[in-house]
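Report on the structure
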Amino acid sequence: MNSSKLNVGNKLSTKPSSQVSKNVGAQSSRTRGTTSTAEHGVEKVKVILKIKGQPIDVTPHSLLPSDPPPKVDVAGDGQRAESATPEIGEGVDEAYQKAVDAAKGYTGLSPAELDRVIDITLSESETCEVFHVPSLCVPLDNTTVHNAIMGRNKQYEDLVQSKSESDNFRGQHAQTLNNPQKVKAVHHPPAATENREVNASQWDIYDTFAEDEVPRWEEIEKACEKESTVVADQCLKKPGCLLNVHDMAVPAAAKPKQKTSKDTKLNKSGKSALAAGTTSDSIKGDRSGKPSPPPAAAEAPETEQVDTEKRHMAWLVGAETVVPSDLHDALRVMERIVSQNVFHTQHMIYRNYPTLEELAALEAKFMDDAGPDKGEGAGAVEGDDDVLPEEAEEGVEQDNVDEEPDLQDLFCFENEELTAGLAVTCAEWNRVNQDLLAVSYGDTSAVPTNKEGLVLFWSLKNPTYPERVLRMPSGVTSIHFSSVHPNLISAGMHDGNMGIWDLRKDTDQPVLESGHSKSDHNDRKHTDVVWETRWVDRGAEKVPREFNVTVSSDGRVLRWNMKKGLEQQTLMQLKRLPNPNLASNSVYGHKDGIVFRQACGLCVDFPRHDSVTYIVGSEDGLVHRCSTSYNEQYLETYYGHAGPVYKVRCNPFYSKFFLSCSADWTIKLWSMTQVDPTKGCDTPLQNFQSTDLCDAVNDVTWSPHNSTSFAACMDDGRVELWDLSKKPLDPIVVHYPGDPDVRRKRTVVRFSENSPVLICGDDRGSVNVMRMHNTDIEMMSENEQQERLYDIMTKKR
């Protein structure tokens, strides 16, 4: 311990004061960087340090380069001139100044003094202990201390063992009392207490143990009977109960009354009093608390005829009675059960399951093939392998006909009482519950007469009535489900507002709405119709992960954040550009005068894996590619349409390709990168138009399962299904949903996420559900889907 802490003391030999001053002068010259030689009057000093009796040379050496000493002029009388003293700057230390002053009277050293070696010895001084805390642990290598500690511990253990049986000895832990940290007094009312007591005599205890133990199942059964009795009594006391409890409550031991002829007929038919035709008047009398009068023994034939008619219409009993709120959930379940029984076949086709008729036909075919005549038929075919029988040829032709793609109408989501005078404006499937379809409704006529809007949530459980209804003060033009939070849905409206609803809350009021936040960045909203709203997922590593984008006829593309209310940010102010493909410019050869500097935006879409770049379609027939990081200029403009662009959609597998549909009767396929060397990026790769189509294309959407397939709907009532791998120039299916004699404008078309189903909405509030046949492809990865689409686009025809 003492060897590691050295308090070094200096032991210096005594010298005359003149020599000390000489040494100081020499030391001062060394600090200025001069050479330590005997010529300059500097003595060599050697420092030796003794540690544990061993001398060690620790003589310090100068780390600075040696410089020649300053020149000093000596007077004739042997004294140094006063002016020969070198100038000393302000930064020179005080020790150096003293050395220079002493050097003025210096006369020099003899050679013997210069060559003499001076030894300085440093030795260790005694260690002074200021504070000592003994340790509880000792090192094992120090056997002496370790053995001593072990001996003391052994003595203490023996002492405790010897006192263990003594009455005056008790082992107990001790702890220092710590004051509580909470110094404030807390006032709280004391807990409520209650005293209960019971007296149990000796015979009570005996009888309790003498009784047989009741089985557990009997206790449960009695508890259930008691509970059911209480619930039944509560239900019978509520208003609206359809049971005539006054007539049905007959004591078991009471004497039965004499039966009339009418009662005899009812009892023979096996019907209860309710099924026998209890009228609503009798029910109202029961609810008033007055018992109904007993029936007469003999009634007129007219009264009996009326009762017979009421018995046939027993299901109308209580039709005018208000249904209690407690029965709403039960009635909804019953309604779904009845609806699924009615639409059972359609639901099986929707799920791509074989129906009962198809299963019966397959079974019959299997039995026919396994019959005794199969051997003769097989022999006839085997006898002539080159020529097939006529029946076999007809079967092959029938199979070829069945393999053609087709659309089959299944059912329709509609309710005329809710959607009267409203058109379907948008439809979206929920990302989690993929059987839940949200449909928005609004009045899209030139002169709107109905200012209100709706958002209905349809489900397969009941195609006749929506699961939920959201009523809006203005017509709804677009909706979109959040991909990160499936319970959130955004909607754009005719009056320029944009709202976000939380479907977990049972209210029609949005949780966030534009223009109603206290934030300084949300004092405005769109000044015209919001044509589309989209949720954009930035990725799990981004905060916030998701934001909403809207486009409106006022020429602005806004981004909405939900940090503090609903804050807006302008992504792009659409500027009007001349379109050479417009009808007026192409016919007369001149450009229209620009009345408004801003262009009307009608649609917007983001690529699947890119939250920075987006596509906007305008009323001028132009499609612009923009960036969220740059709002001054378009990245690129695509020319090709001669009318307003109603919809743009990026391919879900290959985001560089996107479709656009317009009022010029065409659908165009574009690429953000150059694919064909003969065409620029601003020209379409391919145009799609049916030969007999003469109406606007209102909507287009890609298939979520096939990278080369898409669907479109038109104003003439048709729905077209395209597959570029089969027919790149014509649709594979042209279908008119519903009644072919009644032509309706088709406004929306969507693919189902989990079934081979296509839905389309019209201008009368109906949503038709159609099953796609013979359009399935084999399962492919995303890379294979991309290669499949790219090969078709680059293929030379």
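Each value, and the rule that gives it
- Residues numbered from 1 in each chain as written.
- Predicted model: local features only at pLDDT ≥ 70, side-chain atom pairs only at ≥ 80, totals over all residues.
- Heavy atoms only, no water.
- Helix = DSSP H or I, 4+ residues; strand = E, 2+ residues; numbered from the N terminus.
- Buried < 20%, exposed > 50% of the residue type's maximum accessible area, 1.4 Å probe, protein only.
- Contact = heavy atoms within 4.5 Å.
- Areas by Shrake-Rupley, 256 points an atom, 1.4 Å probe, with all protein chains shown as cover.
- Polar contact = N/O pair within 3.5 Å; in protein donor to acceptor, adjacent residues only side chain to side chain.
- Patch = residues over 30% accessible without salt bridge, like charges linked within 9 Å, V, L, I, M, F, W, Y side chains within 5 Å.
- Salt bridge = Lys/Arg side-chain N within 4 Å of Asp/Glu carboxyl O.
- Pairing = 2+ DSSP bridges.
- Phe/Tyr/Trp six-rings, centres within 6.5 Å; stacked < 30°, edge-to-face > 60°.
- Lys NZ or Arg CZ within 6 Å of the ring centre and 35° of its normal.
- 1 Å grid on protein atoms, 1.4 Å probe; cavity = no way out; pocket = protein on both sides within 12 Å on 5 of 7 lines; lining within 4 Å.
- Points joined across faces, edges and corners; volume = space filled by probe spheres on them.
- pLDDT = per-residue confidence, 0-100.
- Lys, Arg positive; Asp, Glu negative; His and termini not counted.
- Charge placed at Lys NZ, Arg CZ, Asp CG, Glu CD.
- Axes fitted to C-alpha atoms, helices over the stretch in contact; angles between N-to-C directions.

1. A closer look at the overall build of the protein chain
- The helix and strand inventory of the protein chain stands at 18 helices and 32 strands.
- Relative to its 797 residues, the protein chain shows a buried fraction of 33%.
- If you take every contact in the protein chain between residues at least 6 apart in sequence, the share linking residues at least 24 apart comes to 54%.
- Roughly 52100 Å² of accessible area belongs to the protein chain as shown, and the carbon and sulfur atoms make up 53% of that amount.

2. Concerning the side chain of Thr613
- For Thr613, the position within the fold is in strand E19 (residues 613-618).
- Side chain to side chain, Thr613 and Asp610 meet in a polar contact 3.1 Å long.
- Setting aside residues up to four positions removed in sequence, Thr613 forms contacts with Phe606, Pro607, Arg625 and Cys626.

3. Overview of a nonpolar patch on the surface
- Judged by side-chain polarity, Val323, Leu327, Leu331 and Met334 come together as a nonpolar surface patch covering roughly 340 Å² of accessible area.
- You can see Leu331 is positioned in helix H11 (residues 328-342).

4. Details of the pattern of salt bridges
- A full pass over the atoms with the stated rule returns 20 salt bridges.
- Put simply, Arg504 and Asp502 hold a salt bridge, and the shortest N to O gap is 3.0 Å.
- For Asp502, a relative accessible area of 10% puts it in the buried group.
- With a closest N to O distance of 2.7 Å, Arg649 and Glu532 form a salt bridge. Pair noted here: Arg649 is in strand E22 (residues 645-650) and Glu532 is in strand E14 (residues 530-537), with a separation of 117 residues, a long-range link. Of the two residues, Arg649 and Glu532, neither departs from the other in class, the shared state being buried.

5. Regarding the side chain of Arg649
- Judged by relative accessible area, which is 8%, Arg649 ranks as buried.
- With residues near it in sequence (within four places) discarded, Arg649 still touches Glu532, Arg534, Val604, Asp605, Phe658, Leu659, Val700, Trp702 and Arg750.

6. Let's talk about the pairing of E14
- Counting buried residues along E14, 6 of its 8 residues qualify, which places the element largely inside the surrounding structure.
- Bridge count for E14 against strand E15 (residues 546-552) is 7 bridges, and the pairing is antiparallel. Across the sheet, residue Asp537 finds its bridge partner in E15, namely Glu546.

7. What to know about the sheet that holds strand E12 (residues 498-502)
- Spatially, the 4 strands line up as an open sheet ordered E10-E11-E12-E13, and their pairing is antiparallel. Every other strand in the sheet has two partners, leaving strand E10 (476-481) and strand E13 (512-513) as the edge strands with one partner each.
- Across 2 bridges, the pairing between E12 and E13 is antiparallel. The residue bridging Ile500 from the neighbouring strand is Leu512, located in E13.

8. Points about the packing of aromatic side chains
- Under the definition given, this model contains 16 aromatic pairs.
- When the ring of Tyr638 is compared with that of Trp670, the centres are 5.5 Å apart and the planes differ by 65 degrees; the resulting orientation is edge-to-face. Of the two residues, Tyr638 is situated in strand E21 (residues 636-638) and Trp670 in strand E24 (residues 667-671); the sequence distance between them amounts to 32 residues. Grouping residues by exposure puts Tyr638 and Trp670 together as buried.
- Note on Tyr654 and Phe657: the rings are 5.0 Å apart at their centroids and 90 degrees apart in plane angle, and the pair reads as edge-to-face.
- According to the relative accessible area criterion, Phe657 is buried, its value standing at 1%.
- Taking the ring centre of Phe547 as reference, the NZ or CZ of Arg559 above it sits at 4.1 Å.
- Positioned above the aromatic ring of Tyr736 is the side chain of Arg743, whose terminal nitrogen or guanidinium carbon lies 4.1 Å from the ring centre.

9. Topic: the layout of surface pockets
- By volume, the second largest pocket amounts to about 1100 Å³.
- Lining the second largest pocket are 32 residues; nearest its centre among them are Arg431, Arg534, Arg608, Pro652 and Glu753.
- Those elements giving two or more residues to the lining of the second largest pocket turn out to be strand E6 (423-429), E10, E14, E22, strand E26 (697-702) and strand E30 (746-751).
- The leading source of residues in the lining of the second largest pocket is E14, at 4 residues.

10. Side note on the environment of Lys656
- Residue placement: Lys656 occurs in the loop between E22 and strand E23 (657-662).
- In this structure the C-alpha to C-alpha distance between Lys656 and Pro607, which are 49 residues apart in sequence, comes to 7.7 Å.
- Excluding anything up to four places from it in sequence, Lys656 contacts Trp670, Ser671, Met672 and Thr673.

11. Observations concerning the confidence of the model for the protein chain
- Per-residue confidence for the protein chain gives a mean pLDDT of 75; residues scoring 70 or more make up 67%.
- Highest mean pLDDT in the protein chain belongs to E30 (95); lowest belongs to helix H9 (residues 280-287) (38).
- The low-confidence segment residues 71-92 (pLDDT under 50) makes 19 contacts with residues lying over four places distant or belonging to another chain.
- Ignoring residues within four places in sequence, the model shows residues 374-401, a span with pLDDT below 50, making 3 contacts including any to other chains.

12. Examining a negative patch on the surface
- A contiguous patch of negative charge on the surface is contributed by Asp204, Asp207, Glu211 and Asp212.
- Residue position: Glu211 is located in the loop between helix H5 (202-210) and helix H6 (216-237).
- On the basis of relative accessible area, Glu211 is assigned to the exposed category, the value being 59%.

13. So, the sheet that holds strand E29 (residues 733-735)
- Spatial strand order, E26-E27-E28-E29: 4 strands in an open sheet with antiparallel pairing. Looking at strand neighbours, the two that pair on one side only are E26 and E29, the edges of this open sheet. Between one strand and the next, the sheet's axes are offset by a mean angle of 15 degrees, whatever the strand orientation.
- When strand E27 (residues 709-714) meets strand E28 (residues 719-723), the two strands line up antiparallel, connected through 5 bridges. By the bridge assignment for E28, Cys713 is matched with Val719.

14. Observations regarding unusual backbone geometry
- The step from Val543 to Pro544 runs through a cis peptide bond, and the omega angle for that step is -5 degrees.
- In this structure, Asn352 takes a positive phi of about 65 degrees despite not being glycine.
- Counting through the fold element by element, Asn352 comes out in the loop between helix H12 (344-350) and helix H13 (356-369).
- A positive phi angle, close to 75 degrees, is found at Trp665, a residue other than glycine.
- Here Trp665 is to be found in the loop between E23 and E24.

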